Amino acid sequence: DPASIIRHRDLEAEQVWEYVHGTFTGFLGDADEVAGGHVLVCAGGVGGMGSGGAGSVSPAEVVEVSGDSIPELRWQLSTYAGVIYRATRMGTLYP
């Protein structure tokens, strides 16, 4: 299911799914639907812009959540080692 339905003819859009991540990133981030109806969400992490106010640091996080009406966390990666521009889910590295 898409996160929104757009009716071009009527110039209307309807939001049908939402996941609220605890980290706000103004420009670093991405969300993609992946296999099994899950959604891969990247919140890129920004030093100095965290929820703790000026000077705080937010970790870069990648989470996979279910596409259910109430999304469930499937897995999560958090790092303070830098920022993440986008994330892509890979299949296995092994044949």
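Residues numbered from 1 in each chain as written. Predicted model: local features only at pLDDT ≥ 70, side-chain atom pairs only at ≥ 80, totals over all residues. Heavy atoms only, no water.

Enquirer: Hey, could you go over a nonpolar patch on the surface for me, with residue numbers and the actual values?
Expert: A cluster of nonpolar residues, Met90, Leu93 and Tyr94, forms a patch on the protein surface that exposes about 430 Å² of accessible area. Positionally, Tyr94 belongs in the segment after strand 6 (73-79). (Patch = residues over 30% accessible without salt bridge, like charges linked within 9 Å, V, L, I, M, F, W, Y side chains within 5 Å. Areas by Shrake-Rupley, 256 points an atom, 1.4 Å probe, with all protein chains shown as cover. Salt bridge = Lys/Arg side-chain N within 4 Å of Asp/Glu carboxyl O. Helix = DSSP H or I, 4+ residues; strand = E, 2+ residues; numbered from the N terminus.)

Enquirer: Go over unusual backbone geometry with me, naming the residues and quoting the values.
Expert: One non-glycine residue, Leu11, adopts positive backbone phi at about 55°. For Leu11, the location among the structural elements is in the loop between strand 1 (4-7) and strand 2 (12-15).

Enquirer: Now, about the pattern of salt bridges: what can you tell me, with residues and values included?
Expert: Scanning the entire structure with this criterion turns up 1 salt bridge. For Glu64, the salt bridge goes to Arg89, with nearest N and O atoms at 2.7 Å. Here Arg89 lies in the segment after strand 6 and Glu64 lies in strand 5 (residues 60-65), a separation of 25 residues in the sequence.

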